[in-house]
Amino acid sequence: SAPSAATAPAQTDGLLLLPSAFSRAECGRIIAQLTRDAQPERDVRVHASVSRTNHWGRAPASGEYDWIFARLLALLPEPQRRELWGFELGTPGARLVRAFAERVDFVLLHEFGPGDFFDWHVDTKPNDRTARTVNVNVMLSPPSDFSGGELRVGTATVRATQGDVTCYPAALPHRVEDIGSGGRFTLVIAVRAPADEARQHSGYWRLAHANHETLRTAAGFAATPKLHLVRAEWLAAQGDEAAADDAYADGYACSAEAPAYARRFSEDGARLLAGGDARAALQHFTMAVRVDPTVAAYGTARDQLAARLSVERSSAH
Ligand SMILES: O=C(O)CCC(=O)C(=O)O
Ligand SMILES: [Fe+2]
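Computed from a prediction, not measured in an experiment: that's the story for all the values here. Note that residues are indexed from 1 along each chain, following the sequence as it is written. Naming scheme: in the order in which they are written, chains are lettered from A and ligands are numbered from 1. Predicted model: local features are reported for residues with pLDDT of at least 70 only, side-chain atom pairs are reported and counted for 80 or more only, and whole-chain, interface and lining totals are derived from all residues. With hydrogens and water set aside, each side-chain value is computed from the structure's full complement of heavy atoms.

### Some points on the packing of helix α10 (residues 278-291) against helix α11 (residues 296-315)
(1) Moving on: To get an axis, a line is fitted to the C-alpha atoms, and for a helix only the part in contact is used. The angle between two axes follows their N-to-C directions and goes from 0 to 180 degrees. Each helix corresponds to a stretch of at least 4 residues labelled H or I by DSSP, and each strand to a stretch of at least 2 residues labelled E; elements are numbered beginning at the N terminus. In the contact formed by α10 and α11, the axes pass within 9 Å of each other and the chain directions differ by 150°. When the axes of α10 and α11 are compared, the pair comes out roughly antiparallel. As α10 packs across α11, the resulting crossing turns out to be left-handed. Judged by residue contacts, A278, R279, A281, L282, F285, T286, A288 and V289 of α10 engage Y298, G299, A301, R302, L305, A306, R308, L309 and R313 from α11.
(2) Moving on: Lys, Arg, Asp and Glu make up the charged group, whereas Ala, Val, Leu, Ile, Met, Phe, Trp, Tyr, Cys and Pro make up the nonpolar group; the residues left over, Gly among them, are polar. Considered class by class, the residues forming the contact of α10 with α11 number 11 nonpolar, two polar and four charged. Roughly parallel refers to an angle under 35 degrees, roughly antiparallel to one over 145, roughly perpendicular to one between 65 and 115, and oblique to any angle outside these ranges. It is the rotation of the near helix from the far one that decides the hand of a crossing: anticlockwise by less than a right angle makes it left-handed, clockwise makes it right-handed. Note on definitions: a residue-residue contact is assigned when non-hydrogen atoms from the two residues lie within 4.5 Å.

### Focus: the nonpolar core
(1) Moving on: Definition used in this section: a nonpolar core is a set of buried Ala, Val, Leu, Ile, Met, Phe, Trp, Tyr and Cys residues joined via side-chain atoms within 4.5 Å. Categorising residues by exposure relies on relative accessible area from a 1.4 Å probe, with only protein chains included: less than 20% of the type maximum marks a residue as buried, more than 50% marks it as exposed, and the intermediate range marks it as partly exposed. Residues F22, F69, L140, V165, L187 and I189 are the most contacted members of the largest nonpolar core, which totals 36 residues.
(2) Moving on: Those elements that provide at least two residues to this core are β1 (16-18), α1 (24-36), α2 (66-75), α4 (96-103), β4 (104-112), β6 (132-139), β10 (165-169) and β13 (184-192).
(3) Moving on: Sorting elements by how many residues they give to this core places α2 first, with six residues.
(4) Moving on: I189 has contacts with I68, F69, L72, F100, V104, F106, V134, N135 and V136, leaving out every residue within four places of it along the chain.
(5) Moving on: Counting residues in each nonpolar core, the second largest holds 14 residues, with V50, F112, A160 and Y168 among its members.

### Section: the packing of aromatic side chains
(1) Moving on: Each Phe, Tyr or Trp ring (for Trp, its six-membered ring) is paired with any other whose centre lies within 6.5 Å, and the angle between the two planes then decides the class: stacked below 30 degrees, edge-to-face above 60, tilted in between. One pass over the structure, following the stated rule, counts seven aromatic pairs.
(2) Moving on: Relative to W205, the ring of Y204 lies with its centre 5.1 Å away and its plane at 75°, an arrangement referred to as edge-to-face.
(3) Moving on: On the basis of relative accessible area, Y204 is assigned to the buried category, the value being 1%.
(4) Moving on: Using a relative accessible area of 7% as the deciding quantity, one classes W205 as buried.
(5) Moving on: A network of ring pairs unites the aromatic residues Y204, W205 and W234 as a single cluster.
(6) Moving on: Look at NZ for Lys and CZ for Arg. If either is within 6 Å of the ring centre and within 35 degrees of the ring normal, a charge sits over the ring. Against the face of W67 rests R29, its NZ or CZ located 3.9 Å from the ring centre.
(7) Moving on: The residue whose ring lies beneath R184 is F112, and the NZ or CZ to ring-centre distance is 5.1 Å.

### Brief notes about the pairing of β13
Looking down a regular strand, the side chains alternate between one sheet face and the other.
(1) Moving on: The buried count for β13 comes to eight of nine residues, which makes it a mostly enclosed element.
(2) Moving on: A pair of strands is labelled paired if DSSP reports no fewer than 2 bridges between them. Bridge analysis of β4 against β13 gives eight bridges, and the strand direction is antiparallel. Each bridged residue has a counterpart across the sheet, and for L109 the counterpart in β13 is L187.
(3) Moving on: Sheet analysis places β6 next to β13, joined by six bridges and oriented antiparallel. Bridging across to β13, V138 finds its partner in L187.

### Some details on the site of ligand 1
(1) Moving on: The full set close to ligand 1 counts 14 residues, and H110, D123, N137, R184 and T186 are the nearest of them.
(2) Moving on: Each polar contact in these results corresponds to two N or O atoms within 3.5 Å; when the atoms are within protein, one needs to be able to donate a hydrogen and the other to accept it, and residues that are neighboring in sequence are counted only if both atoms are side-chain atoms. Side-chain polar atom of D123 to an oxygen atom of ligand 1: 2.9 Å apart, as the coordinates give it.
(3) Moving on: In this structure, an oxygen atom belonging to ligand 1 sits 3.1 Å away from a side-chain N or O atom of H174.
(4) Moving on: For the accessible areas, the method is Shrake-Rupley and the probe is 1.4 Å, while residue cover comes only from the protein chains on display. Considering ligand 1 on its own, with 290 Å² of exposed area, one finds that the protein chains cover 98% of that surface.
(5) Moving on: Broken down by secondary-structure element, the contributors of at least two residues to the shell around ligand 1 are β4, β5 (117-121), β6, β11 (174-176) and β13.
(6) Moving on: Considering each element in turn, the shell around ligand 1 owes the most residues, three residues, to β13. Proximity is defined per residue: any heavy atom of the residue falling within 4 Å of a molecule or strand makes that residue near it.

### So, the pattern of salt bridges
(1) Moving on: Any Lys or Arg side-chain nitrogen found within 4 Å of a carboxyl oxygen on Asp or Glu counts as a salt bridge. Across all of its chains, the model carries 24 salt bridges by this definition.
(2) Moving on: Salt-bridge contacts for E213 lead to R216; the nearest nitrogen and oxygen are separated by 3.8 Å. Residue E213 and its partner R216 are located together in helix α6 (residues 204-216), separated by three residues, close to a single helical turn.
(3) Moving on: The class of R216 is partly exposed, set by a relative accessible area of 43%.

### Here we look at the packing of α6 against helix α7 (residues 225-237)
(1) Moving on: Here α6 crosses α7 at 150°, and the two axes come no closer than 11 Å. As judged from the angle between their axes, α6 and α7 are roughly antiparallel. In this structure, the crossing between α6 and α7 has a hand that is left-handed. From α6, W205, A208, H209, H212, E213, L215 and R216 reach across to α7, where they touch L227, V230, R231, W234 and L235.
(2) Moving on: Partitioning the contact of α6 with α7 into residue classes produces seven nonpolar, two polar and three charged.

### Quick look at the coordination of the iron ion (ligand 2)
(1) Moving on: The donor set comprises N, O and S atoms within 2.8 Å of the metal, extended to 3.2 Å for Na, K and Ca; water molecules are omitted, so apparent gaps in a site may simply reflect that omission. Within the protein, the iron ion (ligand 2) binds to H121 (NE2), D123 (OD) and H174 (NE2); these donor distances fall in the range 2.1 to 2.2 Å.
(2) Moving on: Sequence positions of the donors to the iron ion (ligand 2) reduce to the motif H-x1-D-x50-H. Taken together, the residues span a long stretch of sequence, with D123 in the loop between β5 and β6 and H174 in strand β11 at a distance of 51 residues.
(3) Moving on: Residue D123 is classed as partly exposed on the basis of its relative accessible area, which comes to 25%.
(4) Moving on: H174 gets classed as buried once you look at its relative accessible area, which sits at 3%.

What follows is the structure, given as structure tokens:
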């Protein structure tokens, strides 16, 4: 049988840890169960910044994973079972496991080998219709099996050992550090709300937004283009286009390709101007200046166009 959690789980705004939830043998059983049926799927997307192998599980309601769900629920104390970042993980009683299974969007075994990684991302944003809420992450490999590969969630770095479970909101930026050597297996259990709208009323977005704001002040944020990009997409999903543009600009500006991005904005702006769309051109010139303030010509182009537009505006009155 599995060791039980020695201490009550620690929950911060972004993380809930269930140490030693599964024994070594059970971790092996999970890997065997998930690699038995499905064909592995190599998932390498440069622009989504991921490199890993997926082993997709069967339908969560199939009953195959009930023993895993039952363990998680047994280790979750009642208050957190009822409310984890605004969501209940099932109703108490005999139907607890079945109710939880209905809340599971998918079960997925991740396999990371040497050179694999998973850059900063969120798994859900406002209005994306996924209803995703909580990610449950079971570390299936012992630390001696691989180097690198730490899970980072918001400002926290998770030092999980085999059998440990980490729960966190799917809307909080997270990342798997590059794997140096060996193999890293994790089981991902993606939990969702009964309906997408439920997240609106639960305070889920409010909390997620607070987490994004906290992360923004963390060391390393300012110089990490991908974090700015994730933040920009988050703000855009919330409908805050102006703040999103600022975040995009910050992301381009701190990337190694900043001069090339700025040149592209400048060229696109010139094209838009030639095509008669002066407003959009001004936006592009403004981005060029923000992304690479060292090129004086971008500032000149922006200032001249801004002056011209303001003259046109005042003479129209
Ligand atoms: O730890 C992992 O393997 C993946 C983490 C992740 O991004 C996720 O579970 O959504
Ligand atoms: Fe994720």
